[in-house]
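Analysis of the macromolecular model
The lines below spell out each chain.
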Amino acid sequence: MFGGFGGTEFLVIILIAIFLWGPDKLPKALANLRRFISKARNMASNAAADLSREIGTDIRPEDLNPKTFVRKHILTEEDQEMLTSPLKSTMRDLQEGTKPLQEGLTDTTREIESTRRDVNRGSITRKTHGTNGSGANGSDAAAEPAAERTRDRAASFDDVT
């Protein structure tokens, strides 16, 4: 809701503030807090402007992170390219080397999905038992337990995936 605070946390902060300062002094305390935050923001922007003027480049507050500052204001573009080119080539090599593995995983996933669909339709048990649904002796009585087993297997396979 407010900078990572949820409704409950915000309500607790308000209740604590009312308890500490009371309903009479709370508006004045909030006004003082607002003035303090405004002054802190002005000081930060003035410090960034002074630093930009001293260095001779445009500096924003997010540029004051040491890694960003070095990368943006000290290293030239050639230096950055020299440092990052080995990493980029290594990344390309890794991507090319893992392509066969990725393709194999994709093929295996397709096969598993196809098998799962076949199990759900019950076609694997018909293929395995070599029947067309009438049972070995020509009666439907033998097909009933096989159909139940197929449904049980399909349900348990779906539970696993």
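Residues numbered from 1 in each chain as written. Predicted model: local features only at pLDDT ≥ 70, side-chain atom pairs only at ≥ 80, totals over all residues. Heavy atoms only, no water.

**Re the pattern of salt bridges**
As a reminder of what qualifies: In the sections that follow, a salt bridge refers to a side-chain nitrogen of Lys or Arg positioned within 4 Å of a carboxyl oxygen of Asp or Glu. Secondary structure elements are defined from DSSP: runs of H or I of at least 4 residues count as helices, runs of E of at least 2 residues count as strands, and each element is numbered from the N terminus. Partly exposed residues are those whose accessible area sits between 20% and 50% of the maximum for their type, while under 20% is buried and over 50% is exposed, using a 1.4 Å probe and protein chains only.
Tallied over the entire structure, the rule returns four salt bridges. Its salt-bridge partner being Arg116, residue Glu113 comes within 2.4 Å of it at the nearest N-O pair. In this pair, Glu113 and Arg116 are both assigned in helix H3 (residues 77–121), three residues apart and thus about one turn of the helix distant. Residue class for Glu113 comes out partly exposed when judged on its relative accessible area of 29%.

**Comments concerning helix H1 (residues 7–55)**
Rules: A helix is expected to span 1.5 Å multiplied by its residue count minus one. Two axes are fitted around each residue, one to the seven residues ending there and one to the seven starting there, and the angle between them is reported as the bend at that residue.
Here H1 is 49 residues long, yet its end C-alpha atoms lie only 44 Å apart, well below the 72 Å a rise of 1.5 Å per residue gives. Its maximal kink placed at Lys25, H1 deviates by approximately 105°, while the proline Pro27 follows within four residues. Taken together, the buried positions of H1 are Ala17, Gly22, Leu26, Ala29, Ala48 and Ser52. Phi turns positive one or two residues past the end of H1, at Gly56, with a value near 95°.

**Quick look at H3**
Along H3, the largest kink reaches about 40° and is centred on Lys99; proline Pro100 follows within four residues of it. Looking at the residues trailing H3, positive phi occurs at Gly122, about 85°.

**Observations concerning a nonpolar patch on the surface**
Cut-off, in case you're wondering: In this analysis, a patch consists of residues with relative accessible area above 30% that form no salt bridge, clustered at 9 Å for like charges and at 5 Å for the nonpolar side chains Val, Leu, Ile, Met, Phe, Trp and Tyr. Residue exposure ignores everything except the shown protein chains as possible cover, and the areas themselves are Shrake-Rupley values with a 1.4 Å probe.
Nonpolar side chains collect at one region of the surface, where Phe5, Phe10, Ile13, Ile14 and Ile18 lie side by side and expose about 390 Å² of accessible area between them. Locating Phe10 in the fold gives a position in helix H1.

**Remarks on the confidence of the model for the chain**
How we decide: The predictor attaches a confidence to each residue, called pLDDT, with possible values from 0 through 100. In this description, contact between two residues means that some pair of their heavy atoms is separated by no more than 4.5 Å.
A residue-level look at the chain finds 65% of positions with pLDDT of 70 or above and a mean pLDDT of 75. Within the model, the stretch residues 132–143 combines pLDDT values under 50 with six contacts to residues more than four positions away or in other chains.

**A closer look at the environment of Thr108**
Here is the rule we go by: Whenever a nitrogen or oxygen atom comes within 3.5 Å of another N or O atom, the pair is scored as a polar contact, on the condition that within protein one atom can donate a hydrogen and the other can accept it, and that pairs from neighbouring residues in sequence are kept only if both atoms are in side chains.
Take Thr108: it is sitting in helix H3. In this structure Thr108 comes out as partly exposed when scored by relative accessible area, which is 38%. In terms of polar contacts, Thr108 uses its side chain to reach the backbone carbonyl oxygen of Gly104, at 2.8 Å.

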